[in-house]
Amino acid sequence: MDGKEVAVVVQEKIKKQTAEWIKRTGQTPKLTAVVVGKNAASQFYVRSKKKAAMEVGFISEIIELPAKVTEVELLACIKELNQDVTVHGILVQLPLPQHIDEHKVICQIDVYKDVDGFHPEQVGALSIGLNGLAPCTPAGIIELLKYYKIKISGKHAVVIGRSNIVGKPIANMLLKLDATVTITHSQTQNLAEITRGADILIVSIGQPHFLTADLVKEGAVVIDVGINRTEAGKLIGDVDFEGVKEKVFAITPVPGGVGPMTISMLLDNTLVAFKRIVSVENKEK
Ligand SMILES: Nc1nc(=O)c2c([nH]1)NC[C@@H]1CN(c3ccc(C(=O)N[C@@H](CCC(=O)O)C(=O)O)cc3)C=[N+]21
């Protein structure tokens, strides 16, 4: 499954819609990313996001704060963005430095502008099946599965990893689409037995080439969410792609799989947030 290609398809749609909405409302969607410190990976990701946002016709801005910024200062910065009527999407790049409470920061973001879908209220909305902004990586995975017409209903989906940003939300989304879902993690016993029963396998643990062919059923669909850098600077996934690919029905590569889809879904969430905000404004008038 080619995430790069599907990401372009999604972004073309967003670009068209954006142009229509700008024409109709006279306003332009704006995505603001906040990045703390000089972490090279964070800087790179945030720049890719800004570039993609501008390509679909959004306004995008990066706020760079020094690594030693205090929690109070960061919270104040977010408050300002919450109040700024020209900003529709706010993203605080993770991870944050140790001295800042990530949870507090996420809770500070206006739910309507939380384009990462990390706010507890949105997490709750997702888990009871309400519309909200879904976290970008899981949303991108669902979009890929749908694009390639992978049947989800009734299938056994096994998620390896239980993070708040991938494992838990993708499990919820697959459940909503009528999959039978198993979440596994570092303490799971008999992992191989479980993964070999999977029709759809989502691997999100941050361990290079963890998933080998012996852990996969013939004809399964494998989604690799891992982003690991080798010492040589090469990007590799959590799946041993070469070993697994012969055995499966479909598989996502790294790079060029889930990563580009994450960015597309961020743009999609920003457009959804924008539409919601301008619609509410118009009702108020
Ligand atoms: N608040 C927040 N929101 C995030 O969405 C978020 C975050 N923090 N922190 C870090 C992770 C990571 N992440 C990626 C996005 C795109 C690629 C991506 O486009 N990857 C390309 C290759 C990029 C490369 O060459 O390094 C690919 O897989 O093909 C990867 C990873 C978003 N994250």
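Criteria and cut-off values
- Residues numbered from 1 in each chain as written.
- Predicted model: local features only at pLDDT ≥ 70, side-chain atom pairs only at ≥ 80, totals over all residues.
- Heavy atoms only, no water.
- Helix = DSSP H or I, 4+ residues; strand = E, 2+ residues; numbered from the N terminus.
- Buried < 20%, exposed > 50% of the residue type's maximum accessible area, 1.4 Å probe, protein only.
- Areas by Shrake-Rupley, 256 points an atom, 1.4 Å probe, with all protein chains shown as cover.
- Lys, Arg positive; Asp, Glu negative; His and termini not counted.
- Charge placed at Lys NZ, Arg CZ, Asp CG, Glu CD.
- Pairing = 2+ DSSP bridges.
- Axes fitted to C-alpha atoms, helices over the stretch in contact; angles between N-to-C directions.
- Contact = heavy atoms within 4.5 Å.
- Salt bridge = Lys/Arg side-chain N within 4 Å of Asp/Glu carboxyl O.

Undergrad: Help me understand the overall build of the protein chain in this model?
TA: Along the backbone of the protein chain there are ten helices and ten strands. Taking the principal axes of the C-alpha coordinates as reference, the protein chain spans close to 60 × 40 × 35 Å. The buried share among the 285 residues of the protein chain stands at 47%. With an accessible surface of roughly 14100 Å², the protein chain has 55% of that area assigned to carbon and sulfur atoms. Taking the average place of the 33 positive charges on the side chains of the protein chain and the average place of its 32 negative ones, the gap between the two points comes to 4 Å.

Undergrad: What should I look at first to understand the sheet that holds strand β2 (residues 59-65) in this one?
TA: Two modes of strand pairing occur in sheets, parallel and antiparallel, and in both the strands are linked by backbone hydrogen bonds. Read from one edge of the open sheet, three strands run β2-β1-β3, paired in parallel fashion. Sheet topology places β2 and β3 (89-92) at the edges, where each strand pairs with a single neighbour. Across this sheet, the average inter-strand angle for adjacent strands is 15°, counted without regard to direction. Pairing analysis gives four bridges linking strand β1 (residues 30-36) to β3, with the strands arranged parallel. Counted as the bridge partner of L31 is G89 from β3. Contacts from helix α2 (residues 40-55) reach β1, β2 and β3, with the element oriented near 160° to β2.

Undergrad: Honestly, the pattern of salt bridges in this entry has me stumped. Any pointers?
TA: Two side chains with opposite charge may pair up if their charged atoms get near one another. Counting across every chain of the model gives seven salt bridges. K51 is the partner of E55 in a salt bridge, and the nearest nitrogen-oxygen pair spans 4.0 Å. Taken together, the positions of E55 and K51, both in helix α2 and four residues apart, correspond to about one turn of that helix. Its salt-bridge partner being E71, residue K104 comes within 2.9 Å of it at the nearest N-O pair. Of this pair, K104 sits in helix α4 (residues 102-108) while E71 sits in helix α3 (residues 71-83), placing them 33 residues apart in sequence. A relative accessible area of 45% places K104 in the partly exposed class. Several salt bridges converge on common partners, so that one network encompasses K38, R47 and E64.

Just distances and angles here, no functional claims.
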